[in-house]
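The lines below spell out each chain.
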Amino acid sequence: MREVDDPTMKIVVCVKQVPDSWAEKKLSASDSTLDRGSVDAVMNELDEYAIEEALRLQEANGGTVTILSMGPAQTTDTIRKALSMGADAGVHLVDDALHGSDAVGTARALAAAIAAQAADLVVLGVESTDARMSVVPAMVAEQLGWPQLTFATSVSVSGGTVTVHRATETGYDVLEAALPAVVGVAEKINEPRYPSFKGIMAAKKKPIEKLDAAALGLSAAEVGLSGAWTEVAAFAARPPKAKGTVVTDDGNGGTAIAEFLSAQKFI
Amino acid sequence: MAEVLVLVEHVDGTVKKVTHELLALAARLGEPAAVLVGSGADAAIPALAEHGAATVYVAAAPELAQYAVTPTVAVLAALVEQRSPAAVLVASTAESKEVAGRLAVRIGSGIITDAVDVAADASATQSVFGGSVMVTSTVTHGTPIITVRPNSVAPVVAPAAGSRVDVTVALSDADRAVRITDRVSQPKGGRPDLAEAGVVVSGGRGVGSADGFTVIEALADSLGAAVGASRAATDAGWYPHEFQVGQTGRTVAPQLYIAAGISGAIQHRAGMQTSKTIVVVNKDPEAPIFEIADFGVVGDLFSVVPQLTAEVTARKG
Ligand SMILES: Cc1cc2nc3c(=O)[nH]c(=O)nc-3n(C[C@H](O)[C@H](O)[C@H](O)COP(=O)(O)OP(=O)(O)OC[C@H]3O[C@@H](n4cnc5c(N)ncnc54)[C@H](O)[C@@H]3O)c2cc1C
Ligand SMILES: Nc1ncnc2c1ncn2[C@@H]1O[C@H](COP(=O)(O)O)[C@@H](O)[C@H]1O
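Please read all numbers here as calculations on a predicted model, not as lab measurements.

(A) Spatial organisation of unusual backbone geometry. Here L179 of chain A and P180 of chain A are connected by a cis peptide whose omega angle stands at 0 degrees. Considering the arrangement of structural elements, one finds P180 of chain A in the loop between β9 (171–178) and β10 (181–185). For F151 of chain A, which is not glycine, the phi dihedral falls at a positive 50 degrees. With respect to the helices and strands, the residue F151 of chain A is situated in strand β7 (residues 148–158). The phi angle at A122 of chain B is positive, at roughly 70 degrees, despite the residue not being glycine.

Shown next as structure tokens:
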């Protein structure tokens, strides 16, 4: 049971737009960043769980839900989709100077925007399906100096305290911290809602604020490609694997595999 | 020679194999120094020394176990400050990646995650886009922090001193912000951890039911393997979600990956494509998983897999 809490609780959800995970991705030859032109952009599927969890916390406790996303111009599509699920407002960090930010730069920009929003609770997904680093939530928390409760399989807020179940290799830990805090939700923590027709219409009128690096008080040296603390030295397509042997089962398929495994010294 | 800090993965002093792999990588860059947070140092030190740790830093204060993630960050940050290591290596486990992420922000260093190789100059190779592209990156600011995937290199027996150095750190209030109020352990079987296992046997939609997974488990047990599953199988509730392999599940790179009744969708391949040897059983000769198979059998898994299990058991005899 969630208690009715401070109705002014301000929740910010970090949502990323990513290339469709069905597509074959490649790196741009000019600056070794993801070639976004070559594939469709969609909402990071894992962030849908973060939006849903934020909306449920809002339903239980009151307050507002703001969507925060950093990315190129077309990212507004993803923010709009989140608004049509029911979030109240969007903040879009968009600036050529932010292009090519590494994890540290991304966390820095998101944290600056979160601080400006005076958020009580930040909810993030477990991983972006393109970068696949799973480190941005921890980095945002460190940047803000806030507690971090991640890999959450359940979240509740009561009396200014957030409690989560954190999935571990052997079960889960129960974690507790005072707000403001950063929460990262696990995949499948909930069943994300689909935008309703009414939601889609309402989203068209909801505000999306656009901010650039300067508005966040960030210099070019802190974000983007030039502010990155890592550098791609080289990349290469992995040589295609030599074609393996494929046989059709004639009643001895299992034995054929055993022979292969034995030749490879697995058994 | 500068030290290279390796964060030890352990359960009460039983050191995980990935730590030995990291020590082998650390030796390429400098002098391996293990960092053990928690209890069990007496049990851990001999194993760490055997695999090349010249020094073992031990932070055993019970208070460290009361809070999540940040105490380990504080220990590593203090050691980086004191020892100016050439690099910090941690395993690409969920928790250690977070430790690495917070550490990077705290000490002002670049971070490379999920490396599959690290060279003597601390450049790290990552396998991205489901293994189709290899990227080599370097950290250009601060002390390189690199998280390394399990099974990336072989552990090396290289006996070293393993001298114990106890470290105490003063936790800040911020490091005490997330209290662990309970730990709930769900019993799991005797199979190896999915991410660490040398052999993984996975089942997909072709397995057909939760009961069908007994066929997959039997093969896994005959090989001492971990069991994995495709999202189709976990979504259907046939196998628990934590065993899902792929883009939104676990990434594995075992010596041997056996996929039965799995079509090989791009999101599944993203989590297993870098396995050293891939064996496939699927009744559809057109299934894309055959494209990455070293050895494949077109056939019904319910006849092929039990026959294989029987053969393995007989040959191990
Ligand atoms: C954003 C996103 C993330 C995703 N993340 C993941 C992920 O992490 N992991 C993952 O696995 N998937 C993931 N998916 C889903 C993925 O796209 C596929 O739907 C899924 O991998 C299919 O699982 P499958 O191969 O078991 O099922 P199917 O594609 O249905 O294949 C079943 C195969 O079994 C074979 N078969 C059937 N019966 C038998 C039999 N008796 N003997 C032998 N063979 C048989 C069939 O020929 C078929 O090839 C993700 C999808 C999206 C959009
Ligand atoms: N550019 C971005 N804009 C907004 N949120 C982001 C961005 N990048 C990462 N995130 C958030 O951080 C989580 C983890 O991402 P990552 O560390 O890249 O795997 C995602 O699920 C998002 O919630």
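(B) Just the site of ligand 1, in detail. For ligand 1, the set of nearby residues contains 29 residues, the closest of which are R205, S230, S263, Q267 and N282 of chain B. Ligand 1 sits at the junction of chains A and B, each of which supplies nearby residues. Contact between ligand 1 and H268 of chain B: an oxygen atom at 2.8 Å from a side-chain N or O atom of the residue. D300 of chain B has a polar side-chain atom sitting 3.0 Å from a nitrogen atom of ligand 1. The site holding ligand 1 turns out to be the second largest pocket. Listed by contribution, the elements that provide at least two residues to the shell around ligand 1 are α6 (231–235), α7 (266–269) and α8 (301–316) of chain B.

(C) Geometry of the interface of chain A and chain B. Tallying the contact residues gives 74 residues for chain A and 88 residues for chain B. Across the interface of chain A and chain B, roughly 6,900 Å² is buried in total on both sides, 55% from carbon and sulfur atoms. At the surface where chain A touches chain B, the tally comes to 10 salt bridges. Across the salt bridge formed by E187 of chain A and R231 of chain B, the nearest N and O atoms sit 3.2 Å from each other. Between chain A and chain B we count 35 residue pairs in polar contact (both at pLDDT 80 or more) in total. Those elements that provide at least two residues to the side of chain A that touches chain B are α1 (45–61), α4 (136–144), β7, β9, β12 (230–237), β13 (245–248) and α7 (253–263) of chain A. Counting residues per element, the side of chain A that touches chain B draws most heavily on α7 of chain A, which supplies 10 residues. Taken together, the residues that form the side of chain A that touches chain B break down as 36 nonpolar, 19 polar and 19 charged. Pairing geometry for β12 of chain A and strand β9 (residues 133–139) of chain B, over seven bridges, is antiparallel. Counterpart to A234 of chain A in the pairing with β9 of chain B is T136 of chain B.

What counts and what doesn't
Per chain, the residues get numbers from 1 upward, laid out in the order the sequence is written. Just so you know, chain letters begin at A and ligand numbers begin at 1, following the order they were written in. Where totals are concerned, whole chains, interfaces and linings use all residues; where local detail is concerned, this predicted model gives features only for residues with pLDDT of at least 70, and gives and counts side-chain atom pairs only at 80 or more. As a rule here, side-chain values come from all non-hydrogen atoms in the structure, and water together with hydrogens is ignored. Helix and strand definitions here come from DSSP, where helices need a minimum of 4 consecutive H or I residues and strands a minimum of 2 consecutive E residues; each element is numbered from the N-terminal end. We call a residue near a molecule or strand when any one of its heavy atoms sits within 4 Å of it. Within 3.5 Å is the distance limit for a polar contact, defined as a pair of N or O atoms, with the added protein rule that one can donate a hydrogen and the other accept it, and that residues adjacent in sequence qualify only through two side-chain atoms. Using only the protein atoms, space was sampled on a 1 Å grid; points where a 1.4 Å probe fits but cannot get out form cavities, open sets with protein on both sides within 12 Å along at least five of seven lines form pockets, and lining residues are those with an atom within 4 Å of a point. Think of it this way: if more than half of a molecule's atoms are within 2 Å of a pocket's grid points, that molecule is in the pocket or cavity. When checking whether two residues touch, look at their non-hydrogen atoms; a contact exists if any pair is within 4.5 Å. Buried area: the accessible surface (1.4 Å probe) lost by two parts on joining, summed over both. Any carboxyl oxygen of Asp or Glu within 4 Å of a side-chain nitrogen of Lys or Arg constitutes a salt bridge here. All amino acids are sorted into three groups, where Ala, Val, Leu, Ile, Met, Phe, Trp, Tyr, Cys and Pro are nonpolar, Asp, Glu, Lys and Arg are charged, and the leftover types, Gly among them, are polar. Two strands pair under a simple rule: DSSP has to find at least two bridges between them.

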